[in-house]
Amino acid sequence: MSRPVTLFGWFDAASAASGIAVSRTTSPARRRAFAEAVAAWILAGPAVFLLLGLFLLPVIGVLLIAFTDWQFGAGSFSFVGLANFREVFADHAFRASLLNTVIYVLIVVPGTVAMGLFIALLIESGKSCRAFYRAVHFLPFMATLTAIAIAWEALLHPTIGLVNQTLAAIGLPTSNWLRDENTVLAALAVIGIWQNLGYAMVLFLAGLKSIPQDLYDAADVDGADLWFDRLRTVTLPMLGPVSMFIVVVVTLRALNSFDAVKVLTQGGPGHASEVLLYTLYRESFEYLRTGYAAAIAVVFLSIVVTLTLVQARVMDRKVHYL
Amino acid sequence: MSIANNRLSPLAGILRHAVLLLTGGLILVPFVWMVSLSIKPPGEVFRASLSLWPAQFYGVENYTKALTEAPLLRYMGNGLLVCAAVLVLQIIICAPCAYALAKLRFAGRDLILGMVLIGLLLPHQVLSLPLFVLGYLLGILNSYTALIFPYVVSPFGIFLFRQFFKTIPDDVVHAARLDGLSEFAIVWRIIVPMALPAVIAFSIFSVVAHWNDLFWPLVAVRDQSLMPPPLGIMVFKNEEAGNDYGPLMAAATLVVAPLLIAFLAAQKWFVEGMTGGAVK
């Protein structure tokens, strides 16, 4: 015999009172189930209300606005079908932004994943100073990017920056990295790799720890004595699913790049460093082209959702390996 | 353990340290350069030199200027206030919902879980436009409320708590009910204290995310007195137009420092919090 489910202590009396009223038609078990459902909805209610108001209705709002000519502040609007999307994809600036984002992602993701794996393997291959090396490489991931981007600007300064001074000292060509349209995206990508490689490293370290020792013993019996043999026959194949997952996670982070662009380049020179989120921000809140901006948001959303669904599938499969 | 097997030759061991010290050193360059510039006088900043320590120590002047010329302490107070308010509200709202999803059986549970998963899927920047309109309609833009309200419920928080609550045996809940505890008391007196690791991990995730966020504050507030650190330092940089590196770097150092110090003090917790469900 268990006590009835009650939300608050004083609910005892209330549920007992209502229990008397319904007791003739319902069993105690059903009454308990009903009380449990009431308690559950009261506990979950605030979260459900806020999820609706702050996530679901807004995303429906964006989807609707993208098909209208609404401008923020205007009293009326009309549906214009796909006109905003046609305009977005015909727009020079948006196409540049999309292309820049793709290039940025194609530099940042392989760079981050390769560096993260390399450093994770190095850290795991020995026993000393593991925590120290892990902390040092993870540090940029904790840094407020807006603030540390200013330090990067100083490093990349054309005359007094450490980068150009070093390059000049060893006789290599220098550049005005953040003001030259040929180098600005690469410079931002280096900052992106710098910030995220510690994140990839930590995820790889977790993946490495979950490889069963048996496999190394078996490889040993089969004659894989050398570190490199064990890496090739056991470690890398076993990291496969984790790596796929890390690629997706890092891609999502690269797509979310905004702070460094806003602080250092404002998308310039020209449109050379404009990325999707920056375009979304500018069209939404500086140019106030609401319908057009909503269409960009929908494009961005479809990219992110596609990737996240891929990630969910990878996660499902990962369970079999880990 | 694993790939190491204690069989790295002495030479390979030394090579490992050499490479990791090199990459680690390169990783630290922006931090070192930032601190170095923050203690140099203007003359030395613009004299192209590779020395890290200034000939004339100018740290006091630079940091004083950063704290007085920009309302930096105000920014950091704002950041603290917003992070604390967001976190407290998130826990108050997410924990009971996660408990209901993990431990109670009721009609609509799968529907709520579906809403949480959709919420997890949505990048927050996509929602900024309608949230801005909502803030405008409610008349709360350009206030602390504007900075806080989009984040009071966290799909990630609900999901993380639910995963953790599910690992707590049902017997614990039954025993608490036999003791006469209400569901409300079970959440706050039994379940949340037992799930402290998850609460700490989520707190770190939440505070780091909101201390560092630039996008939404940029949209939500205009008054300098309301700005959190990232937005404040961006405004400071634009006002200085990059001419006065010393105080700017001092301000950047002060904004970056709290999280880095907290991270170094509680490394394990931070790694767990920042990788969240990803690792498990």
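What you see is a predicted model; the values in this text were computed from it and never measured.

1. Brief notes about the overall build of chain A
No. 1: A count of helical and extended segments in chain A gives 13 helices and 0 strands.
No. 2: Ordered by position in the sequence, the α and β elements of chain A form the string α-α-α-α-α-α-α-α-α-α-α-α-α.
No. 3: With 322 residues in all, chain A has 46% of them scored as buried.

2. Structural notes on the UniProt feature "transmembrane region" (unreviewed entry) in chain B
Residue and element names in this part refer to chain B.
No. 1: Taking the UniProt record as the reference, the feature "transmembrane region" (unreviewed entry) is found at residues 20-39, 79-101, 113-138, 144-165, 186-209 and 245-266.
No. 2: Secondary structure across residues 144-165 divides into 73% helix and 0% strand, with the first and last C-alpha atoms of the span separated by 32 Å.
No. 3: Annotation note: span residues 245-266, helix share 95%, strand share 0%, distance between end C-alpha atoms 31 Å.

3. Concerning the interface of chain B and chain A
In many reports, interface size means the accessible area that the parts give up when they come together.
No. 1: Taken together, the contact between chain B and chain A spans 89 residues of the former and 93 residues of the latter.
No. 2: Per element, the largest residue contribution to the side of chain B that touches chain A is 12 residues, and it comes from helix H1 (residues 10-38) of chain B.
No. 3: Of the residues contributing to the side of chain B that touches chain A, the split by class is 70 nonpolar, 14 polar and 5 charged.

4. Side note on the UniProt feature "transmembrane region" (unreviewed entry) in chain A
All names here are of chain A.
No. 1: The UniProt feature table records "transmembrane region" (unreviewed entry) at residues 40-65, 101-123, 135-155, 184-206, 236-255 and 291-310.
No. 2: Helix makes up 100% of residues 101-123 and strand 0%, with an end-to-end C-alpha separation of 32 Å.
No. 3: For the annotated span residues 135-155, helix accounts for 90% and strand for 0% of the residues, and the straight-line distance between the end C-alpha atoms is 23 Å.

5. Thoughts on the nonpolar core
No. 1: One finds Ala297 of chain A together with Ala251 and Ala252 of chain B to be the most contacted residues of the largest nonpolar core, which totals 184 residues.
No. 2: It is helix H8 (residues 184-209) of chain A that provides the largest number of residues to this core, a total of 17 residues.
No. 3: In this structure Ala297 of chain A touches Val62 and Leu280 of chain A together with Val126 and Leu129 of chain B, once residues within four positions along its chain are discounted.

6. Here's the deal with the domain arrangement of chain A
No. 1: Partitioning chain A into domains gives domain 1 (11-65) and domain 2 (83-321).
No. 2: Domain 1 of chain A and domain 2 of chain A are separated by 43 Å when their C-alpha centres are compared.

7. Quick look at the domain arrangement of chain B
No. 1: Segmenting chain B into domains produces domain 1 (10-60) and domain 2 (70-240).
No. 2: For domain 1 of chain B and domain 2 of chain B, the distance between their C-alpha centroids amounts to 37 Å.

8. What about the packing of helix H4 (residues 92-124) of chain A against H8 of chain A?
Two measures define how a pair of helices packs: the angle their axes make with one another and the distance between the axes.
All names here are of chain A.
No. 1: For the pair H4 and H8, the least separation of the axes is 6 Å and the interaxial angle reads 40°. Judged by the inter-axis angle, H4 sits oblique to H8. Where H4 crosses over H8, the two elements pack in a sense that is right-handed.
No. 2: Per-class residue counts for the contact of H4 with H8 are 21 nonpolar, 6 polar and 1 charged.

9. A few points about helix H5 (residues 109-121) of chain B
No. 1: Taking 1.5 Å of rise per residue, 13 residues should cover 18 Å, and H5 of chain B covers 19 Å from first to last C-alpha, within 8% of that figure.
No. 2: On its buried face, H5 of chain B sits against helix H2 (28-65) of chain A together with helix H4 (72-103) and helix H8 (155-166) of chain B.

10. Quick word on unusual backbone geometry
No. 1: At Gln266 of chain A, a position not held by glycine, the phi torsion is positive, near 50°.
No. 2: The class for Gln266 of chain A is exposed, based on 12 C-beta atoms found within 10 Å.
No. 3: Residue Asn142 of chain B is not a glycine yet carries a positive backbone phi of 60°.
No. 4: Residue Asn142 of chain B is classed as partly exposed on the basis of its C-beta count, with 15 C-beta atoms lying within 10 Å.

11. Details of the packing of helix H5 (residues 130-142) of chain A against helix H15 (residues 267-275) of chain B
No. 1: Packing of H5 of chain A against H15 of chain B leaves a shortest axis separation of 11 Å and a crossing angle of 50°. Classified by the interaxial angle, the pair formed by H5 of chain A and H15 of chain B is oblique. Crossing of H5 of chain A against H15 of chain B: the hand is left-handed. Where H5 of chain A approaches H15 of chain B, its residues Ala131, Ala135, Phe138, Phe141 and Met142 of chain A are matched on the opposing element by Gln267, Phe270, Val271 and Met274 of chain B.
No. 2: In terms of residue class, the contact of H5 of chain A with H15 of chain B is made up of 8 nonpolar, 1 polar and no charged.

12. A closer look at the environment of Tyr216 of chain A
Residues and elements named next belong to chain A.
No. 1: Looking at the element boundaries, Tyr216 is found in helix H9 (residues 213-221).
No. 2: Using a count of 21 C-beta atoms within 10 Å as the deciding quantity, one classes Tyr216 as buried.
No. 3: Remark: the alpha-carbon pair of Tyr216 and Ile170, spanning 46 residues in sequence, is separated by 44 Å.

13. Comments concerning the environment of Ile92 of chain B
No. 1: Among the structural elements, Ile92 of chain B can be located in helix H4.
No. 2: Considered as a pair, Ile92 of chain B and Gly157 of chain B are 65 residues apart in the sequence and their alpha carbons are 11 Å apart.

14. Some points on the environment of Ile65 of chain A
Residue and element names in this part refer to chain A.
No. 1: Mapped onto the elements of the fold, Ile65 is located in helix H2.
No. 2: Between the C-alpha atoms of Ile65 and Val305, which are 240 residues apart in sequence, the distance is 19 Å.
No. 3: If we skip the residues at most four places from it in the chain, Ile65 touches Trp70, Thr290, Gly291 and Ala294.

What counts as what
- Residues numbered from 1 in each chain as written.
- Chains lettered and ligands numbered in written order.
- Predicted model: local features only at pLDDT ≥ 70, side-chain atom pairs only at ≥ 80, totals over all residues.
- Helix = DSSP H or I, 4+ residues; strand = E, 2+ residues; numbered from the N terminus.
- Buried ≥ 20, exposed ≤ 12 C-beta atoms within 10 Å, placed from the backbone.
- UniProt positions renumbered as here; feature names shortened; annotations may be inferred.
- Contact = placed C-beta atoms within 7 Å.
- Nonpolar A, V, L, I, M, F, W, Y, C, P; charged D, E, K, R; others polar.
- Core = buried A, V, L, I, M, F, W, Y, C linked by C-beta atoms within 7 Å.
- Domains from an automatic or database assignment.
- Axes fitted to C-alpha atoms, helices over the stretch in contact; angles between N-to-C directions.
- Parallel < 35°, antiparallel > 145°, perpendicular 65-115°, else oblique.
- Left-handed = near helix turned anticlockwise from the far one by under 90°.
- Expected span 1.5 Å × (residues − 1).

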